[in-house]
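Examining the three-dimensional arrangement
Here's the letter readout for the chains.
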2 protein chains.
Amino acid sequence: MRELDLVEWIKRQKNTRGIGDDCYIRGNLVFTTDLTVEGVHFRRTDKPEFVGQKTLARGLSDIAAMGADPRFCLLSLARPKWADDKWVKAFFRGVLKLNVPLTGGDLSSASELVADIVVCGETPAGKALRRDTAKPGDHIYVSGRLGANARDGYSRMPKPRLELGRKLRGRASACMDLSDGLSIDLHRLCIASAVAASLDQIPVAKGATIEQALHGGEDYELLFTSSKPLKLPGIFHIGNVVKGKAGLITLNGNQLRPAGFEHFR
Amino acid sequence: MRELDLVEWIKRQKNTRGIGDDCYIRGNLVFTTDLTVEGVHFRRTDKPEFVGQKTLARGLSDIAAMGADPRFCLLSLARPKWADDKWVKAFFRGVLKLNVPLTGGDLSSASELVADIVVCGETPAGKALRRDTAKPGDHIYVSGRLGANARDGYSRMPKPRLELGRKLRGRASACMDLSDGLSIDLHRLCIASAVAASLDQIPVAKGATIEQALHGGEDYELLFTSSKPLKLPGIFHIGNVVKGKAGLITLNGNQLRPAGFEHFR
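Each value, and the rule that gives it
- Residues numbered from 1 in each chain as written.
- Chains lettered and ligands numbered in written order.
- Predicted model: local features only at pLDDT ≥ 70, side-chain atom pairs only at ≥ 80, totals over all residues.
- Contact = placed C-beta atoms within 7 Å.
- Helix = DSSP H or I, 4+ residues; strand = E, 2+ residues; numbered from the N terminus.
- Pairing = 2+ DSSP bridges.
- Axes fitted to C-alpha atoms, helices over the stretch in contact; angles between N-to-C directions.
- Least-squares fit on C-alpha atoms with pLDDT ≥ 70 in both.
- Expected span 1.5 Å × (residues − 1).
- Buried ≥ 20, exposed ≤ 12 C-beta atoms within 10 Å, placed from the backbone.
- Core = buried A, V, L, I, M, F, W, Y, C linked by C-beta atoms within 7 Å.
- pLDDT = per-residue confidence, 0-100.
- Domains from an automatic or database assignment.
- Nonpolar A, V, L, I, M, F, W, Y, C, P; charged D, E, K, R; others polar.

A separate point is the interface of chain A and chain B. Accessible area lost during the coming together of the parts is what is often quoted as the interface size. Between chain A and chain B, the residue contacts involve 46 residues of the former and 45 residues of the latter. Of all elements in the fold, only α1 (3-12), β2 (29-37), β3 (69-79), α3 (85-96), β4 (102-109) and β5 (114-122) of chain A reach the threshold of two or more residues within the side of chain A that touches chain B. Broken down by element, the side of chain A that touches chain B gets its largest block of residues, eight residues, from β4(A).

Below you can see the structure in the form of structure tokens.
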């Protein structure tokens, strides 16, 4: 079962609610959790400060996607023997570098390293950006050129678009972050909003291929929609929301199949 | 570095706050995260419903320790190949069985199974029970006989003491849950409160040894203190908080060294 199918199955069960967006919204607070797994999201040979900072930055990208301000985080760390005290301290220094108060967490031994970051953010109540609120006719934007991280072998540090997210409150009709790749993430946004999308131009990072820009993943840019044209520095108009089969995406008239980097496969 | 030393090191860093209790307290909300790791907290041969229910029950025990009511949870699951769709669905059924709304989480592949549960609870503001507020002269109690889980090879399902936790609001001077063993958990409470403890009797579960009751871990009973004697069904008076070297515990006059089940070693 693919991740998307498992999430759909979970949503159908009793005692679940609010599942499927970048964060869970409760009043003026939003909550996200993100796993960072050895061999999936980083290599054992990566610098521990880098791994720590990336762990939190991935969570902050979800906070940015909601248009929220980060308030605090908790970190759970399952630690294998190879991650000695020096490594773990440097990892925590990487987490703390981003100036989000660390307020708790859990520690365990394990045979491979798994970190789970929990981030709580805040927006004015009712102002959180969602992915299920795009409407036919809306313009579609991304916050930067795509494919750079795939081009560089996923060695780049995510730069959470917190400032842009804040600016999009009250302006964007829907928003999410690009973690798994434009084709699959836009597909998810369209499914959630019960709309289709027609794309006409993709901003490709210098030296990256169009495939890397469409399916590469780990861009951590924002993907957002607006009923009115938006003039903001550094953003790219890539197409429009249209009526049609929920989740169907076309690029210059040809169907674009969702084929992003999906951890759960 | 032992878990306790690593936590102390983390608390000394910039950008940390509120670390060291069962939950982080923010206004009327409390937050906890708990890792459940294959080979540490469960065996691959355990029933998946059991593992799922235990994953959440461990978090709920922390919520009980704060005197809070659970409000919602998020679950991150790093899933190895052996955990097939049937296993994962049964695992989620175990989580959902406890009637706490599941509102989000994350999924990833991994080579061993790691689950991280996040639970948010609520108390009247300022009423959360803490572990750093015990005072010399207080009575010390536990909520049941100890050592049963160690006696049974850690096969028992934790029963979070949520109802008792609620009753202790405004009554207990300090509280925490017994997850790693009475000797180490009481040591932590005493360190946090800058007090010592003098114990005189330990309620040992039928068929368990005194060592299992003192150091066995995974009892998930509440350990709490009160300035006045408490009359509540099923609780046991085990001794008193005293002035002295922070963290020092004696049992019938002899020093009791903290020797609980410590995952991080």
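All names here are of chain A. With respect to topology, seven strands assemble into an open sheet ordered β7-β9-β6-β10-β8-β11-β12, the strand pairing being mixed. The outermost strands of the open sheet, each flanked by one partner alone, are β7 (174-177) and β12 (254-255). Two strands pair when backbone bridges link them, and strand β8 (residues 196-199) and strand β11 (residues 249-251) are joined in this way by three bridges, in the parallel orientation. Bridge pairing in β11 places Leu 199 opposite Leu 251. With respect to the sheet, helix α2 (residues 48-65) is in contact with β7 and β9 (222-226), its orientation differing from that of β7 by roughly 175°.

Glancing now at the relation of the copies chain A and chain B. Laying chain A over chain B is done by rotating through 180° and shifting 0.0 Å along the axis; what remains is an RMSD of 0.0 Å. These values place the two chain copies in the arrangement generated by a two-fold rotation axis. Taken as a fraction of all interface residues of chain A, those also at the interface in chain B reach 98%, which identifies the copy contact as same-surface.

Counted at 1.5 Å a residue, the expected span for α3(A) with its 12 residues is 16 Å, and the 16 Å between its end C-alpha atoms agrees. Turning to α3(A), its buried residues are A:Val88, A:Phe91, A:Phe92, A:Gly94, A:Val95 and A:Leu96. If you follow the buried residues of α3(A), they end up packed against α2, β3 and β4 of chain A together with α1 (3-12) of chain B.

In this section: the nonpolar core. Judged by nonpolar contacts, the single largest core of 147 residues is most densely connected at A:Cys73, A:Val114, B:Cys73 and B:Val114. A:Cys73 has contacts with A:Leu56, A:Gly59, A:Val100, A:Leu102, A:Thr103, A:Ile117, A:Val118 and A:Val119, leaving out every residue within four places of it along the chain.

A separate point is the confidence of the model for chain A. Averaged over all residues, the pLDDT of chain A equals 95, while 98% of them reach at least 70. Note on the complex model: pTM 0.94, ipTM 0.94.

Looking now at the sheet that holds strand β3 (residues 69-79) of chain B. All names here are of chain B. Strand order in the open sheet formed by five strands is β1-β2-β5-β3-β4, with mixed pairing between adjacent strands. Of all the strands in the sheet, the pair left with one neighbour each is β1 (24-26) and β4 (102-109). Neighbour-to-neighbour, the strand axes of this sheet turn through a mean angle of 15°, independent of strand direction. Relative to strand β2 (residues 29-37), β1 is paired through three bridges, and the arrangement is antiparallel.

The subject of this paragraph is the environment of A:Pro48. Residue and element names in this part refer to chain A. By the element assignment, Pro 48 lies in helix α2. For Pro 48, a count of 21 C-beta atoms within 10 Å gives the class buried. The sequence separation of Pro 48 and Trp 87 amounts to 39 residues, and the corresponding C-alpha distance is 5.8 Å. If near-sequence neighbours (up to four positions away) are discounted, Pro 48 is found in contact with Trp 87, Ala 90, Phe 91 and Gly 94.

The subject of this paragraph is the domain arrangement of chain A. Residue and element names in this part refer to chain A. Taken as a whole, chain A is organised into domain 1 (22-122) and domain 2 (139-255). Once you take the C-alpha centre of each, domain 1 and domain 2 turn out to be 24 Å apart. Counting from both sides, the interface comprises 16 residues of domain 1 and, opposite them, 15 residues of domain 2. Partitioning the side of domain 1 that touches domain 2 into residue classes produces eight nonpolar, three polar and five charged.

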